[in-house]
Amino acid sequence: MIRVAFAVARCDVARWLRSPTLLAATLIPALGMTLMVLALTYAVGRQPVALVQLGHGPTAKRLERILRESDGFWLKPYTPEQAARALRKQWVAGAITIPADIEEAAAGNKGHLDALINNVDLDFSDDIRRSVSKAAVSLDAPSLAGQEDESETNLGGKVKSRPEANPYLVDLSEIDLRRPDVPFLIYQMVSVFALLALTAGLLVTALSIAGDRESGTLRILALAPASRLAVVCGHLAAGVAAAMLLTTSLLVPLALAGALNAPPSRWPAIAALLLATAMGSTGVGVLVGLATRRVTTTVLLGVNVASASFLLGGGFTTVAFLPPFLQAAARATPTYYAVEGLREALFYTEMPGLARNLGVLLAFGISSVVIGAWLLARPMRQKNAARLK
Amino acid sequence: MRTTLRVAGAAARVQALSLLRSPATAILVFILPVNLLLLMSLFALTGYNAPTGLVLEEDTPRAHAFVDSLRDAYHSFDLRPMDRAQADRLLRRGRIVAAVEIPRGFDALVGSGRTALVRFTVDNVNLDMAEDVRRAFPAAVSIFATRLSLPAISVRPRLTDMLAQDTGYIAYLAASSIALAAVIAGAILGGLVTAREWEAGTARLMRLAPCGLGPVLIGRLAAAAGWAALASSVSALVVVFGFRVPAAHPIELAGGIVFTVVAAAALGGLVGVLLRRTLPITPLILGITLPFYLDSGALEPQRFDGKVLFWLSHLSPAYYGVGIMEHACHGLIVTPEPLWSLYAVLALVAASATLLVGKLARR
């Protein structure tokens, strides 16, 4: 059995590596979705905003500095006319005006920081509203808006014991679960590992099975003295090998470059999760390959399944924040367990879901091997039954 | 010319029948855009109202006023009342983004003009959400101060909107997803039907026909575009009835689907003629379209992402499609170019790509 499985796996991997079309079919969807993650990372960042500074006194200058230091927007200095034109032409998402009378108004507690916002879409317009409000608050209550020196902050779990008095009568003691923040790109990269394992494992296996069916090799294999289980295991091993090849070729350089800062004790868990993800995804690939008759249909179904599994399983989102029925649907995909397991291993102090995540991913792989072997044997059984009749 | 049209018409009819008789590919092309539409909306679902644990240690008017301010802080918090232990547990397991703890004595402190200290714990693993809630906290405090008419505040934010009403993130993204559906369905089917001519070897035979391969391919592309328009219409129906996005200009919506699909099918046909193999068509088109979709104004007007990405977005029909769909659904202008020019570019792309398909087919 092992000899047959090894031969099938070797044949699949060789065919995959030697065929540019197969390589492209496997890599391009993953590459496209990775580029999508990068585009998303860029798109959810800062917004361009015009700054019209009419006042030039000390309060105006302080406000200007606070606004410039804000990570909510890219500030561009404009005259009022330029700002109006830039807003109209969509060069900026909003225009903030520091009024000419800000000094007198602020002294009489009647100052305003004006912001005109292109509220075409709630996501970025709310970002600007929050950032402008934070800037205004920073003027009277720097500690409330996180503008104080870092030595005075309470990052890393230290709790501020006494409030600093401010006119808002509320002070903030912010505690961050980790220090420093996890860059958004690194957070999103975790799902890219799962994506690579998913697309490579799924498509390599599905395409090799469908290719065998289309070329008639599957019928010849059915006559060979090899068990169906060995054939399916061979396809599964090929998919796992391809998936692991791709994920490690991204993971190792990132880890060596220090972009992924997991504690050394976590790496075995990460490796096990990636291997289990590859097995789970490859298992789905076995089923996709057996469900389709033509390679073109296999690609379409494979891409549908891969994108559904990736996006529903937490590729771009945090599943725990979705409505309960969507969380339940996400649990039907192998990506959910892969992404959750990898995020736990890389970013959290505890890994309560490790055993469950590994178990479910392996179960995906094993059950698909059993179903795959049964599906492969089915045509033979049907032929025998027809002959007996 | 008449013969050419007759041949193209016959080819379109045959292709349509072929799609109906072997529906696996056609059905999957129907499913893929709807699949992507539904799944992309998940991203928008978690883009605002971050799940936040609310630990309220006293039941007083000012504490509730502060909670209301948090709730009204620009769609930032989805407040879930719980005790401190549960909040800590959920935070450490990544089930909530933050926890706000309003201490005992809050009302008395604020009432007597002293400052109350509110504990705010943030899971800063997802920086996008963490930054949203960090900015939202001072915004909520500012709202709280305004509602309580606190006197000693020197500068307050005065926010004015350009448009009469906001458009929700999901509604915005759903409208742009119709353009994604049109591009994906059109380009994949266009690519598959043309590449199949070479893969099946019929292209060689067609060349011997008196009218050549060009009209046949154009006919096949027309059938593919028709099928893709149907697939995109299903996505549009899901958006209008499922996501309850009103179609402000229904005729424009239909026109936008047709123009985008035709341009995408012609471009897909071009890819099919160049590759002459069906296998890489779907991955290639999906791989190119998805990043271009996000770089097409799908999440916000594209110019906000800078000049390079703005000009790059013009390479994809998705940019023009999104511009049309946002106006058709919400009446929003999200491109600096006028609306008619978006249709014109799509028509121009469709015509020139079809001409190129015909020309390359003769080689």
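Residues numbered from 1 in each chain as written. Chains lettered and ligands numbered in written order. Predicted model: local features only at pLDDT ≥ 70, side-chain atom pairs only at ≥ 80, totals over all residues. Heavy atoms only, no water.

1. What to know about the overall build of chain B
For the record, the criterion: Every helix listed is a DSSP run of H or I at least four residues long, and every strand listed is a run of E at least two residues long, numbered separately from the N terminus. Partly exposed residues are those whose accessible area sits between 20% and 50% of the maximum for their type, while under 20% is buried and over 50% is exposed, using a 1.4 Å probe and protein chains only. Residue contacts follow a heavy-atom distance rule, with two residues in contact if any of their heavy atoms lie within 4.5 Å. The method behind every accessible area is Shrake-Rupley, applied with a 1.4 Å probe, and residues are considered shielded solely by the protein chains displayed. A positive count includes Lys and Arg, and a negative count includes Asp and Glu. His and the chain ends are not counted in either. By convention, the point assigned to a charge is CZ for Arg, NZ for Lys, CD for Glu and CG for Asp.
Counting secondary structure elements, chain B contains 14 helices and five strands. Overall size of chain B, expressed as C-alpha extent along the three principal axes, is 95 × 40 × 35 Å. Considering chain B as a whole, with its 363 residues, one finds that 60% of them fall into the buried category. Summarising the internal contacts of chain B: among those between residues at least 6 apart in sequence, 77% fall at separations of at least 24. As displayed, chain B has an accessible area near 13900 Å², and 64% of this comes from carbon and sulfur atoms. Where the 32 positive side-chain charges of chain B centre and where its 24 negative ones centre are 15 Å apart.

2. What to know about the pairing of strand 4 (residues 116-122) of chain B
Stated precisely, the cut-off is as follows: Any two strands between which DSSP finds at least two bridges are classified as paired.
Across the seven residues of strand 4 of chain B, seven count as buried, placing the element largely inside the fold. In strand 4 of chain B, alternate side chains face the same way, and those of B:Ala116, B:Val118, B:Phe120 and B:Val122 on one face and B:Leu117, B:Arg119 and B:Thr121 on the other are all buried. Both strand 5 (residues 170-176) of chain A and strand 4 of chain B contribute to a ladder of seven bridges, which runs parallel. Among the inter-strand pairings, A:Glu174 is bridged to a residue of strand 4 of chain B, identified as B:Phe120.

3. What about the packing of aromatic side chains?
Note the following rule: Ring pairs shown here join Phe, Tyr and Trp side chains whose ring centres sit within 6.5 Å, with only the six-membered ring taken for Trp; geometry is labelled stacked below 30 degrees between planes, edge-to-face above 60, and tilted in between. Placement of a positive charge over a ring is assigned whenever Lys NZ or Arg CZ falls within 6 Å of the ring centre and within 35 degrees of the normal to the ring plane.
Inspection of every chain in the model, using the stated rule, returns 15 aromatic pairs over all chains. Ring centres 4.9 Å apart and planes at 35° place the aromatic pair B:Phe120 and B:Phe137 in the tilted group. Taken together, the residues span a long stretch of sequence, with B:Phe120 in strand 4 and B:Phe137 in helix 6 (residues 127-147) at a distance of 17 residues. By relative accessible area, B:Phe137 is classed as buried at 0%. One aromatic cluster is present, built from ring pairs that chain together B:Phe66, B:Phe77, B:Phe106, B:Phe120, B:Phe137 and B:Phe144. One cation-aromatic arrangement involves B:Arg303 over A:Trp91; the distance from NZ or CZ to the ring centre is 3.4 Å.

4. Re the interface of chain A and chain B
The cut-off we apply is this: Defined in terms of a 1.4 Å probe, buried area is the accessible area two parts forfeit on being brought together, summed over both. Here, a salt bridge means any Lys or Arg side-chain nitrogen found within 4 Å of an Asp or Glu carboxyl oxygen. Whenever two N or O atoms come within 3.5 Å, that pair is a polar contact, provided that in protein one can donate a hydrogen and the other can accept it, and provided that, for residues adjacent in sequence, both atoms are side-chain atoms.
Chain A puts 112 residues into the contact, and the matching count from chain B is 107 residues. The largest per-residue losses of area from chain A upon contact with chain B belong to A:Arg130, A:Leu169 and A:Phe321, which jointly make up 8% of the total buried on that side. For the pair chain A and chain B, the interface holds eight salt bridges. Across the pair A:Arg130 and B:Asp132 runs a salt bridge, and its minimum N-O distance is 3.5 Å. Seen at the junction of chain A and chain B, the total is 47 residue pairs in polar contact (both at pLDDT 80 or more). Counting residues per element, the side of chain A that touches chain B draws most heavily on helix 6 (residues 122-140) of chain A, at 16 residues.

5. Structural notes on helix 4 (residues 80-88) of chain A
All names here are of chain A. Defined as follows: Think of the arc as the fan of directions from the helix axis to the C-beta atoms.
Among all positions of helix 4, only Ala-83, Ala-86 and Leu-87 are buried. The buried residues of helix 4 occupy one face: seen down the axis, they fall within an arc of 100°. With respect to the buried face of helix 4, the exposed residues turned more than 90 degrees away are Glu-81 and Arg-88. Its buried side turned inward, helix 4 meets strand 1 (47-53), strand 3 (94-98) and strand 4 (111-117). Within two residues after helix 4, Gln-90 carries a phi angle of roughly 65°, on the positive side.

6. Some thoughts on the domain arrangement of chain B
What counts here: Each domain span listed reflects an automatic or database assignment of domains.
Segmentation of chain B into domains returns domain 1 (50-161) and domain 2 (168-361). The distance between the C-alpha centroids of domain 1 of chain B and domain 2 of chain B comes to 45 Å.

7. Notes on the domain arrangement of chain A
Split into domains, chain A comes out as domain 1 (2-39 + 183-388) and domain 2 (46-167). Taking the mean C-alpha position of each, domain 1 of chain A and domain 2 of chain A sit 47 Å from one another.

8. A word on the pattern of salt bridges
Residues and elements named next belong to chain B. Taken as a whole, this structure holds 25 salt bridges over all chains when the rule is applied. With a shortest N-O distance of 3.1 Å, Asp-107 and Arg-62 are connected by a salt bridge. In this pair, Asp-107 sits in helix 5 (residues 106-111) while Arg-62 sits in helix 3 (residues 61-71), placing the two residues 45 residues apart along the sequence. Using a relative accessible area of 16% as the deciding quantity, one classes Asp-107 as buried. Arg-62 sits in the partly exposed class, given a relative accessible area of 30%.

9. Topic: the confidence of the model for chain B
Rule in force here: For every residue, the predictor assigns a confidence score, pLDDT, that lies between 0 and 100.
Averaged over chain B, the pLDDT score is 89; the fraction of residues at 70 or greater is 100%. In the predicted complex, the global pTM is 0.84; the interface-specific ipTM is 0.85.

10. Topic: the sheet that holds strand 1 (residues 50-56) of chain B
The test is simple: Orientation is described by lines fitted to C-alpha atoms, with helices fitted over the stretch in contact, and by angles between N-to-C directions that extend from 0 to 180 degrees.
One open sheet holds the five strands; their spatial order is 5(A)-4(B)-3(B)-1(B)-2(B), and the pairing between them is mixed. The sheet terminates laterally at strand 5 of chain A together with strand 2 (77-81) of chain B, the two strands that pair on one side only. With strand direction ignored, the average angle separating the axes of adjacent strands in the sheet is 25°. Taken together, the five bridges between strand 1 of chain B and strand 2 of chain B define a ladder with parallel strand orientation. Within the sheet, the bridge partner assigned to B:Thr52 lies in strand 2 of chain B and is B:Leu79. Packing against the sheet, helix 4 (residues 84-92) of chain B makes contact with strand 1, strand 3 (98-102) and strand 4 of chain B, and its axis sits at approximately 160° to strand 3 of chain B.

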